[in-house]
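Spelled out from the first residue to the last, the chains are:
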Amino acid sequence: MTENPTRNSRPARPRRSRALPPWSLVAAGVLTGGLLGGAYGVLKPPTYTATAYVLAVPTESSDSAAALGFAQAYGRIATDLAVLGDARERAGVPLDTLRAGVRTATSPDAPMVAVSASSVRPAKAADMANAVARSLAQRADATKADTHVELVQFSRAPRPTAPSSASPVVTGLIGTSAGGLLGALVLLVRPGRRPEDEAEPRPATVPGPAVASDAHGPR
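Criteria and cut-off values
- Residues numbered from 1 in each chain as written.
- Predicted model: local features only at pLDDT ≥ 70, side-chain atom pairs only at ≥ 80, totals over all residues.
- Heavy atoms only, no water.
- Helix = DSSP H or I, 4+ residues; strand = E, 2+ residues; numbered from the N terminus.
- Buried < 20%, exposed > 50% of the residue type's maximum accessible area, 1.4 Å probe, protein only.
- Lys, Arg positive; Asp, Glu negative; His and termini not counted.
- Salt bridge = Lys/Arg side-chain N within 4 Å of Asp/Glu carboxyl O.
- Contact = heavy atoms within 4.5 Å.
- Polar contact = N/O pair within 3.5 Å; in protein donor to acceptor, adjacent residues only side chain to side chain.
- Pairing = 2+ DSSP bridges.
- Axes fitted to C-alpha atoms, helices over the stretch in contact; angles between N-to-C directions.

Draft legend 1. Highlighting unusual backbone geometry. Despite not being glycine, His148 has its phi angle at roughly 60°, a positive value. Following the sequence through the fold, His148 ends up in the loop between helix 7 (144-147) and strand 4 (149-155).

Draft legend 2. Here's a closer look at the side chain of Lys124. Locating Lys124 in the fold gives a position in helix 6 (residues 122-142). Although Lys124 is buried, it forms no salt bridge, and the closest oppositely charged side chain is Asp127 at an N-O distance of 4.5 Å. Apart from the residues lying within four places of it in its own chain, the contact partners of Lys124 are Ala91, Gly92, Val93 and Ser119.

Draft legend 3. Looking closely at the side chain of Ser119. Mapped onto the elements of the fold, Ser119 is located in strand 3 (residues 112-119). Within the structure, the side chain of Ser119 is placed 3.2 Å from the backbone nitrogen of Arg121, a separation counted as a polar contact. With near-sequence residues (within four places) excluded, Ser119 lies in contact with Pro46, Thr47, Tyr48, Lys124, Ala125 and Met128.

Draft legend 4. The arrangement of the sheet that holds strand 4 in detail. Across the sheet, which stays open at both edges, the four strands sit in the order 2-3-1-4 with antiparallel pairing between neighbours. Each having just a single partner strand, strand 2 (102-106) and strand 4 make up the two edges of the open sheet. Taking the axes of each pair of neighbouring strands and ignoring which way they run, one obtains an average angle of 25° across the sheet. Relative to strand 3, strand 1 (residues 48-58) is paired through eight bridges, and the arrangement is antiparallel. By the bridge assignment, Thr51 is partnered in strand 3 with Ser116. Each of strand 1, strand 2, strand 3 and strand 4 touches helix 6; the most contacted strand, strand 3, lies at about 145° to it.

Okay, here's the thing in structure tokens:
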């Protein structure tokens, strides 16, 4: 009797590739985000911020309520071209640098304008803030006959001793949090596996050779 060649040539059982656990996406995001955030904090030059204060003072023909209102108005025009153009020469920087580095803030309770300037050099940050504050006070002084309010320099901007930008540790923590969140989002939105994909594949069944009595029946 000849041996059926299909009996011994059973198909090889497919080997399943071992998939990574789901939490590995979150771990990879945390690691990548922390490395990128820390590298950004190390490579980016630190930024220094200096702040000068000017005070709106009413004249004899005005009152404190008017001074408070004009302080809000002067805070909005402190970064206009007319004010920054006069401050450019005193600060010794281009006009675009003043536009990008100078910010103002006002208080609803006090007639005061805070002029802040940021730069990679501490001394330059103080020069920029003081130059804009002085230019703003001169602009207000030129119109005090009509507004009955003048601006006086309340406090000059000192040279900052510590950077105002985030340290590498902080940027690393921010990157870690962002990377972990991104990894979790990817884990949530990735398509799930179908039940048939999770089931173990069964080997193909090959029938054995039929017995002679079964093939021809009883004699």
